Amino acid sequence: MRQQIAAANWKMNLTYDNAEQLLDKLLEKSYTLNANRKVVMAVPFPYLTLAVNKVKGREGIFIAAQNCYTKKNGAYTGETSVEMLQSIGVEYIVIGHSERREYFNESNAFLAEKVNIILENNITPIFCCGESLTIREAGTQNEFVDNQLKESLFHLSAEQITKVVIAYEPIWAIGTGKTATSQQAQDIHQHIRSTFAAKYGHDVAQEITILYGGSVKGNNAAELFGMQDVDGGLVGGASLNADEFATIINALK
Ligand code: PGA
């Protein structure tokens, strides 16, 4: 059975005290989580240890980093290695977010290197993909996303690919309040799954978790997550509010 995940992406927000309050508020709430229904919280680097310690012993709640570097260690001032993240208890790493692709020029080839080092360290990559408004308006979103998947992931084995979580996030829906309709999300998620099926076979494709991201809120999560190929969400703005994110978690299939 493939996993359903409510993933929070705090981005570059909150002070230490605010972060602690938000974690405490969120952890006070009750959810039905298990091996196939999970919460992952991608918090800023300075709060990773705090967050890992807070969720210790809580079933189904995990902490993610929002980035990592491609090298094992060495003279790379300011960067963070996967080994470091692994050593403090981080279990997921978000990579290829459209903000990193845009502001830090991260390419598909560079992301392929990140995927490799993350998997080598037994951490789960949450690989983001998605098209701009121009591409959506030209109607070439499927080809665009296929290319992102091919150039960053298709070198992986079938066993490795099932360890990757995909987050499809149309750039035009991120932070804009303009969500893709549930049918638009389902259409492209189904397409992404068929792309994996063509490469790895139907059974492998059925195991891959594909999250939707882009203005997921408490009031649209249930409809989006209700679609057959939408296995949860990667949530930015709404994850900074404990009540709203709790509603989103409870909307998981
Ligand atoms: P948003 O961000 O929910 O604020 O649109 C989603 C994301 O960028 O992951």
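Residues numbered from 1 in each chain as written. Predicted model: local features only at pLDDT ≥ 70, side-chain atom pairs only at ≥ 80, totals over all residues. Heavy atoms only, no water.

**Student:** Could you give an account of the environment of tyrosine 69, with specific residues and numbers?
**Tutor:** Tracing the backbone through its elements, the reader meets tyrosine 69 in the loop between β3 (61-65) and α3 (82-87). In this structure tyrosine 69 comes out as buried when scored by relative accessible area, which is 19%. Considered as a pair, tyrosine 69 and leucine 234 are 165 residues apart in the sequence and their alpha carbons are 21 Å apart. (Helix = DSSP H or I, 4+ residues; strand = E, 2+ residues; numbered from the N terminus. Buried < 20%, exposed > 50% of the residue type's maximum accessible area, 1.4 Å probe, protein only.)

**Student:** Please give an account of the site of the ligand that cites residues and values.
**Tutor:** In the neighbourhood of the ligand, 13 residues make up the surrounding shell, with Lys11, His97, Glu169, Gly175 and Ser215 lying closest. Separating an oxygen atom of the ligand from a side-chain N or O atom of lysine 11 is a distance of 2.7 Å. Histidine 97 is positioned such that a nitrogen or oxygen atom in its side chain is 2.7 Å from an oxygen atom of the ligand. The fraction of the free accessible surface of the ligand (280 Å²) that becomes covered by protein chains is 97%. Grouping the amino acids of the shell around the ligand by side-chain chemistry returns four nonpolar, seven polar and two charged. (Near = heavy atom within 4 Å. Polar contact = N/O pair within 3.5 Å; in protein donor to acceptor, adjacent residues only side chain to side chain. Areas by Shrake-Rupley, 256 points an atom, 1.4 Å probe, with all protein chains shown as cover. Nonpolar A, V, L, I, M, F, W, Y, C, P; charged D, E, K, R; others polar.)

**Student:** Can you lay out helix α1 (residues 16-28) for me, pointing to particular residues and giving the numbers?
**Tutor:** A rise of 1.5 Å per residue sets the reference length of α1, with its 13 residues, at 18 Å; its end C-alpha atoms lie 18 Å apart and thus fit the reference within 8%. Of the residues making up α1, those classed as buried are Ala19, Leu22, Leu23, Leu26 and Leu27. Across the axial projection of α1, the buried residues extend over an arc of 125°, all falling on one side. Every exposed residue of α1 that faces more than 90 degrees away from the buried side is listed here: Asp17, Gln21 and Glu28. Of the surrounding secondary structure, the elements contacted by the buried residues of α1 are β2 (37-42), α2 (48-55), β3 and α12 (242-250). (Expected span 1.5 Å × (residues − 1). Arc of directions from axis to C-beta. Contact = heavy atoms within 4.5 Å.)

**Student:** Account for the sheet that holds strand β7 (residues 210-213), naming residues and giving values.
**Tutor:** What the eight strands build is a closed barrel, ordered β1-β2-β3-β4-β5-β6-β7-β8; its pairing is parallel. Direction aside, the axes of adjacent strands within the sheet are offset by 25° on average. Where strand β1 (residues 4-9) meets β2, six bridges bridge the pair, whose relative direction is parallel. Paired with alanine 7 across the bridge in β2 is valine 40. (Pairing = 2+ DSSP bridges. Axes fitted to C-alpha atoms, helices over the stretch in contact; angles between N-to-C directions.)

**Student:** Break down the packing of aromatic side chains for me, with residues and values.
**Tutor:** The tally for this structure, following the rule as stated, stands at eight aromatic pairs. Summarising the aromatic geometry, the rings of phenylalanine 62 and tyrosine 92 are spaced 5.8 Å apart at their centres and angled 55° between planes, so their arrangement reads as tilted. Taken together, the residues span a long stretch of sequence, with phenylalanine 62 in strand β3 and tyrosine 92 in strand β4 (residues 92-95) at a distance of 30 residues. Take tyrosine 92: its relative accessible area is 4%, and that puts it in the buried class. Where phenylalanine 154 meets phenylalanine 196, the ring centres are 6.1 Å apart and the plane angle is 50°; that geometry is what we call tilted. With phenylalanine 154 in the loop between α7 (141-153) and α8 (158-161) and phenylalanine 196 in helix α9 (residues 182-200), this pair connects stretches of sequence that are 42 residues apart. In textbook terms, an aromatic cluster arises when at least three aromatic residues are bridged by ring pairs, as seen for Tyr69, Tyr76 and Phe110. Above the ring of phenylalanine 104, the side-chain terminus of arginine 100 is found at 4.2 Å from the ring centroid. Here the guanidinium or amino end of lysine 199 rests over the ring plane of tyrosine 200, the centre of that ring lying 5.8 Å away. (Phe/Tyr/Trp six-rings, centres within 6.5 Å; stacked < 30°, edge-to-face > 60°. Lys NZ or Arg CZ within 6 Å of the ring centre and 35° of its normal.)

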